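This is what each chain is made of:
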Amino acid sequence: MKITHVRSHVLQYDLPEELGYSQQYYSKRTAHLVEVETDEGITGWGECFGPGNVALANRTIVEKVIAPLVSGHDPLERDVLWHKTYNLLRDHAQKGMPLQALSGVDIALWDIVGKVAGMPLYKLLGGAHRSRIPVYGYGMMLKRESVDEHIARFKDEAAGIIAQGFRATKMKVGLGVKEDVRLCEAVARGVGDKGDFMVDANHCYTTSDAFYVGRALEELGAYWFEEPVAPEDLDGYRELRSGLGVNISGGEAEFNRWGWRSLLESRGLDIAQPEVCALGGISEYLRVLALAHAHFTPVNNHVWGSAIAVAANIHLLASMPALPGGLTPWKPMLEFDTTHNSFRDELLTEPLNIQVQVKANDGYVGVPEGNGLGVEPDRDFLKRFRVND
């Protein structure tokens, strides 16, 4: 079997409403899918993390840089191809967009392996440690409105997400530390005693400001405080973890095993959040997972993107060993963006129906049983939303 083609499908549409987080507002939804074809008619699908123009840049890397390196080779030799590609690009690709591009290709190769083997991804990875995954609903985005309007909306939205059956919910902050504390108080009221809530700062604080917000989160009983400071600020992470009683999480902006080694050795995380569509794909994710568990750091994957990314993460969460183990071990949750996302809800020939599963199964979803990722995109849908320029 040989790889014959590697194609990118960058998809985009206008959102019904503008959304924001601590760094920017955005009005378009983007997804970057990778399709790897073989001479035996077996096709694999992957996804690259990165919105907007980042996706367009990554498309060039996939098709003009990585595709020539892997075409003509056996897709089953995914680890050989990963290291060949990384080593040849090492001077240019230790972090960032080249790793995002490689991630999509690598995930597609794993999909092919599963289809050739006739088994789902989670079985290729050693089996399911859990047959269903708890899900948390991510929402409460920033908008161009007053603080008081944010507060009222966040409280109602938090209550609504929990009412839909999600096990927990996560909010955005970024209006300013005093205003953000008021937002967190509103979400805590909206959730009440019906679930956990988490706070995602998208690295908008200095360490001192993060302490200010973090102390409020201690009192409010937040489950974790995500990306409180810049991802490069390993000392800040360590100081926050040692000085606060709320879990400190992060890592979505870290790449490959070498970057993760430094992050984990700094002892700044209570919960690690690797992004499989960015750090180097499933091959590298497994090495990062092993590193995290070697440092006794629980892993709760960062998930953002289309149904391809969601399906891949369900398999990874199902196959993740319990840490540290026991009769009632810590359970990783599937992150689910509750805002409008046609690339997740309408992309597949057979939808995952996450929201329906959550409502019907007390906040849990099952694992796809088809071969490989167990999902297939609708090609008519791809044509409809593909960005051609």
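Here the structure is a predicted model, which means the values were calculated and not measured.

A.B. asks: How would you sum up the overall build of the protein chain? Please name residues and give values.
C.D. replies: Broken down by element type, the protein chain carries 15 helices and eleven strands. For 389 residues, the compact-globule estimate of 2.2 N^0.38 gives 21 Å, and the C-alpha radius of gyration of the protein chain, at 20 Å, lies within 12% of that figure. Expressed along its principal axes, the backbone C-alpha trace of the protein chain runs to roughly 60 × 45 × 40 Å. Restricting the contact set of the protein chain to residue pairs at least 6 apart, pairs at least 24 apart contribute 74%.

A.B. asks: Could you give me a rundown of unusual backbone geometry, with the residues and numbers involved?
C.D. replies: A cis amide bond links L323 to the next residue, P324, at an omega of 0°. Relative to the helices and strands, P324 is located in the loop between α12 (307-319) and β10 (334-337). Despite not being glycine, N256 has its phi angle at roughly 50°, a positive value. With respect to the secondary-structure elements, N256 resides in helix α9 (residues 256-265). Its relative accessible area of 3% is what places N256 among the buried residues. One non-glycine residue with positive phi stands out, namely R267, at about 60°. Take R267: its relative accessible area is 37%, and that puts it in the partly exposed class.

A.B. asks: Any chance you could break down the packing of helix α3 (residues 97-117) against helix α11 (residues 281-294) for me, citing the residues and the numbers?
C.D. replies: Between α3 and α11, the least distance of the axes is 6 Å, while the angle of their chain directions is 95°. Judged by the angle between their axes, α3 and α11 are roughly perpendicular. In this structure, α3 contributes S103, D106, I107 and W110 to the contact, and α11 contributes G281, I282, S283 and L286. The class makeup of the residues in the contact of α3 with α11 is four nonpolar, three polar and one charged.

A.B. asks: If you had to explain the layout of surface pockets to someone new, which residues and values would you point to?
C.D. replies: Here the largest pocket defines a volume of roughly 810 Å³. Along its surface, the largest pocket is lined by 35 residues, and Y21, Q24, F49, P51 and W304 are the ones closest to its centre. Put simply, the parts of the chain that give the lining of the largest pocket at least two residues each are β1 (3-20), β2 (25-38), α1 (52-70) and α3. If you tally residues by element for the lining of the largest pocket, the top one is β2, at five residues. Taken together, the residues of the lining of the largest pocket sort by class into 15 nonpolar, 13 polar and seven charged.

A.B. asks: Before we move on, can you summarise the packing of aromatic side chains with the specific residues and values?
C.D. replies: In total, this model carries 13 aromatic pairs according to the counting rule given. Pairing Y86 with W258 gives two aromatic rings, centres 5.3 Å apart and planes at 20°, and the pair type is stacked. Here Y86 is found in helix α2 (residues 78-88), whereas its partner W258 is found in helix α9, with 172 residues between them in sequence. Overall, Y86 belongs to the buried group, its relative accessible area being 4%. Ring geometry for Y136 and W224: centres 5.5 Å apart, planes at 85°, overall edge-to-face. Linking Y136 in strand β4 (residues 132-138) with W224 in strand β7 (residues 224-226), this pair joins segments that are 88 residues apart in sequence. W224 shares its class with Y136; the two are buried. Each member of the aromatic cluster is reached from another via a ring pair, and the members are Y13, F343, F381 and F385.

A.B. asks: Give me the lowdown on the sheet that holds β2, citing residues and values where you can.
C.D. replies: Pairing in this open sheet of three strands is antiparallel, and the strands run β1-β2-β3 from one edge to the other. Strands with a single pairing partner mark the edges of an open sheet, and in this sheet they are β1 and β3 (43-48). Here the strands of the sheet are splayed against their neighbours by 20° on average, with no regard to which way each runs. Pairing of β1 with β2 involves 13 bridges; the strand directions are antiparallel.

A.B. asks: Give a description of the environment of G325 that names residues and reports values.
C.D. replies: Within the element layout of this structure, G325 appears in the loop between α12 and β10. The partly exposed category is assigned to G325, whose relative accessible area is 39%. Through-space distance from the C-alpha of G325 to that of D148 is 44 Å; in sequence the pair is 177 residues apart.

A.B. asks: Describe the nonpolar core, naming the residues involved and giving the relevant values.
C.D. replies: Most often, soluble globular proteins have nonpolar side chains that are buried together. By size, the foremost hydrophobic cluster in this structure holds 125 residues, and its most contacted members are M171, F225, L334 and I354. In terms of residue count, the dominant contributor to this core is α12 (ten residues). Excluding its chain neighbours within four sequence positions, the residues that come into contact with I354 are V135, V310, I314, L334, F336 and V365.

A.B. asks: Requested: an account of α9, with residues and values cited.
C.D. replies: If you check which residues of α9 are buried, you get N256, R257, G259, W260, L263 and L264. End-on, the buried residues of α9 take up no more than an arc of 160°, which puts them together on one face. In this structure, the buried side of α9 is in contact with α2, α8 (234-243), β8 (247-250), β9 (271-272), α10 (276-279) and α11. Residue N256 occupies the N-cap position of α9, its side-chain oxygen lying 3.0 Å from the main-chain nitrogen of W258. Two residues or fewer past α9, R267 is found with a positive phi of approximately 60°.

Reading guide: rules and limits
Residues numbered from 1 in each chain as written. Predicted model: local features only at pLDDT ≥ 70, side-chain atom pairs only at ≥ 80, totals over all residues. Heavy atoms only, no water. Helix = DSSP H or I, 4+ residues; strand = E, 2+ residues; numbered from the N terminus. Rg over C-alpha atoms; globule rule 2.2 N^0.38 Å. Contact = heavy atoms within 4.5 Å. Buried < 20%, exposed > 50% of the residue type's maximum accessible area, 1.4 Å probe, protein only. Axes fitted to C-alpha atoms, helices over the stretch in contact; angles between N-to-C directions. Parallel < 35°, antiparallel > 145°, perpendicular 65-115°, else oblique. Nonpolar A, V, L, I, M, F, W, Y, C, P; charged D, E, K, R; others polar. 1 Å grid on protein atoms, 1.4 Å probe; cavity = no way out; pocket = protein on both sides within 12 Å on 5 of 7 lines; lining within 4 Å. Points joined across faces, edges and corners; volume = space filled by probe spheres on them. Phe/Tyr/Trp six-rings, centres within 6.5 Å; stacked < 30°, edge-to-face > 60°. Pairing = 2+ DSSP bridges. Core = buried A, V, L, I, M, F, W, Y, C linked by side-chain atoms within 4.5 Å. Arc of directions from axis to C-beta. Polar contact = N/O pair within 3.5 Å; in protein donor to acceptor, adjacent residues only side chain to side chain.

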